[in-house]
Amino acid sequence: MTMFLRLQVCQDYFGILLHQGKYVDDMLEKFGFKDVKIDLTPMVERPLLTSDLDGQSVDQTLYRSMIGSLMYLNGGPKLGLWYPKNREFDLYAFTDSNYGECYSKAEAEYVAASACCSLLVWMQYQLQDYGLNFLDTPIFCDNDVAI
């Protein structure tokens, strides 16, 4: 098996790697973003959005399809889960935030920590399927606001 629930499964003698590289590539190709220029911040933070009465109407079906596809993305094209064979390892979670669409830095850090926790729970259940128990995994948050 090489694909399972939008995850690529690569297994060899040393362990198992799960990632979504093919899913990301397929979504970029499907929506015509395969050759776009990457930008760290595609728009200003907290922009004042107003109606564009003279602009073109947006295809809502296409937009909803894009957003729906993003909902199944865990991590990114270069991220994955590596399960080594017959080795002991520790699991740690790290989170950092950008301001995104939040009203404050504190809210942004809370949203990032919440998303990290959600992904960590998913990872813990994945590891339990392999008989590995990591229910006491620490989460390290970059919470500058608390300082």
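As a convention, each chain's residues are numbered from 1 in the sequence order in which they are written. It should be noted that, the model being predicted, local features are given only for residues of pLDDT at least 70 and side-chain atom pairs only at 80 or more, the latter also being counted only at that level, while totals for whole chains, interfaces and linings use all residues. Side-chain descriptors were evaluated using all non-hydrogen atoms of the structure, hydrogens and water having been removed beforehand.

Caption draft 1: How the structure looks around the overall build of the protein chain. Counting from the N terminus, the helices are DSSP H or I runs at least four residues long and the strands are E runs at least two residues long. A count of helices and strands for the protein chain gives 3 helices and 6 strands. Beginning at the N terminus, the succession of helices and strands in the protein chain can be written as β-β-β-α-α-β-β-α-β. When each of the 147 residues of the protein chain is scored for burial, the buried share is 22%. Here the analysis covers contacts within the protein chain between residues at least 6 apart in sequence; of these, 64% occur between residues at least 24 apart. Accessible area of the protein chain: about 12100 Å², with a carbon and sulfur share of 57%. The buried label applies to any residue whose accessible area, calculated with a 1.4 Å probe on protein chains only, is under 20% of its type's maximum; exposed applies above 50%, and partly exposed to all values in between. Residues count as neighbours in contact if any of their non-hydrogen atoms are within 4.5 Å of one another. Surface accessibility in these figures is a Shrake-Rupley result with a 1.4 Å probe; residues are shielded only by whichever protein chains are displayed.

Caption draft 2: Just the pattern of salt bridges, in detail. The working definition used for a salt bridge is a side-chain nitrogen of Lys or Arg within 4 Å of a carboxyl oxygen of Asp or Glu. This model, assessed by the stated rule, comprises 2 salt bridges. Where K22 meets D26, a salt bridge forms, and the shortest distance between an N and an O atom there is 3.1 Å. Taken together, the residues span about one helical turn, with K22 and D26 both in helix 1 (residues 21–30) at a distance of 4 residues. For D26, a relative accessible area of 36% gives the class partly exposed.

Caption draft 3: Region of the structure containing the nonpolar core. Remark: nonpolar core denotes a set of buried residues (Ala, Val, Leu, Ile, Met, Phe, Trp, Tyr, Cys) joined through side-chain atoms within 4.5 Å. Counting residues in each nonpolar core, the largest one holds 11 residues, listed as V9, I16, L18, L81, Y83, L91, A93, C116, L120, L127 and F134. At the level of secondary structure, the elements contributing two or more residues to this core comprise strand 3 (15–19), strand 4 (80–84) and helix 3 (105–129). The dominant element in this core, judged by the number of residues it contributes, is helix 3, at 3 residues.

Geometry only, nothing functional implied.
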